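Each chain is listed here by its residues.
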Amino acid sequence: QGSYLIITFIILYLTYSFNQTIAYILVVVFFLTGTTQKTFKTFFSNKLLVTDQDSNRLDIFLNNSKNNIIKKKNIYILVYESYANLETLKYYGFDNSKQIKFLKDNNFKIYNGIYSNGASSVSSTSRILEIKEKLPKHGRYYISGNAFSLKVLKANGYKNIGLFNSPYFFGQYPKTWDEYFPKEDLSKIGSNIILKAIFEGQFRFDIFEDNYDYDKYLSLKKKYLTSKPKQPTLFYTHNLLPGHSQNSGKCLPDEKKNYFERIKKANNEMGEDVKNLKNNNPNAIIILVSDHGPYLTKNCRQLLGIDKNSIDKYDIQDRYGVFLAINWPNDLKDNFSDIEISQDIFPAILDKIT
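Residues numbered from 1 in each chain as written. Predicted model: local features only at pLDDT ≥ 70, side-chain atom pairs only at ≥ 80, totals over all residues. Heavy atoms only, no water.

Draft legend 1. Here's a closer look at the state of the cysteines. For the structure shown, the criterion picks out one disulfide. At a sulfur-sulfur separation of 1.9 Å, the disulfide partner of Cys-251 is Cys-300. Of note, the bridge from Cys-251 to Cys-300 carries an S-S torsion of about 105° and is right-handed in sense. Linking Cys-251 in the loop between strand S5 (233–238) and helix H12 (255–280) with Cys-300 in the loop between strand S6 (285–290) and helix H13 (313–320), this pair joins segments that are 49 residues apart in sequence. (Disulfide = S-S within 2.5 Å. Helix = DSSP H or I, 4+ residues; strand = E, 2+ residues; numbered from the N terminus.)

Draft legend 2. The arrangement of the side chain of Asn-281 in detail. Checked against the element boundaries, Asn-281 lands in the loop between H12 and S6. Ignoring sequence-local partners within four residues, the contact set of Asn-281 consists of Asn-74, Tyr-76 and Pro-229. (Contact = heavy atoms within 4.5 Å.)

Draft legend 3. Representation of the pattern of salt bridges within the structure. As enumerated under the stated definition, the model contains twelve salt bridges in all. Residue Lys-101 pairs with Asp-105 through a salt bridge whose shortest N-O separation is 2.9 Å. Taken together, the residues span about one helical turn, with Lys-101 and Asp-105 both in helix H6 (residues 97–105) at a distance of four residues. Taken as a pair, Lys-101 and Asp-105 share a single burial class, namely exposed. Residues participating in the shared-partner salt-bridge network are Lys-221, Glu-269 and Asp-273. (Salt bridge = Lys/Arg side-chain N within 4 Å of Asp/Glu carboxyl O. Buried < 20%, exposed > 50% of the residue type's maximum accessible area, 1.4 Å probe, protein only.)

In structure tokens:
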């Protein structure tokens, strides 16, 4: 960005020195081009991407009597940030078999070899909720409560609750969860965050969490997991642990060590979540899933610029591999649906309850 701005300034300065009129014209054209592009994108691009089938998708689904929800189980989806699966953790040098045994002892089926078709939090989870690969709108629109799966549940009498550790997942989109936290609009605090990042000298990926107390998030989560819903409920939450690398594009010397410490904390949090749910609502559908991998191999970031011949399956798992464990109630045990990616979760759930 710095070199780009310097070059732009030099060109404009030289043009201005040579002929002011030409310089003014260039600036005006620049602003008009940007405004036109923004206007087109805002008013037309979404319409072009949305097909007739997309606009009628919900009606088509709900008007099919075979899609009526007849087993109105409470559904809990708990997303653990960047939680790697057993094989990937073993590759890193961390033995997580004790946690896996704990989950199996509590009736969880462990799904191995699962991937996400999105390698970031928003791209991954928005597709889980919308049950769609190509999204006409930004992922935050669907995470804000406007997703297909949530609309299906709501039409069948469900209450949808979304609990997040910060407003990072919402952006400026309308929130249509029946209940959600936090209430703040990220667009209202965006300038403060940017200024803070500038004075810190770096744009940290986790700067959005600075003003939010994680203990408060945990307290709210425990409240929801230990309460007994009065109506069929979908509870969806996204935590902070164990979290991924610092996203600078270069691995720190203690990157894996720090991740292992956070995995231990995440295991404790997951253990508490499972105990609270099993004691309170053992007949619910409980999904424990991660959004993507922790980015601990190669450059600890995206694989752009990396020699593709040096990329192996663990580099892919490190970014796209996810952890998945599901507690199916006893009356839904038969005929497990095939799940290959985390975006298969809701089709599997709907297959069981419709």
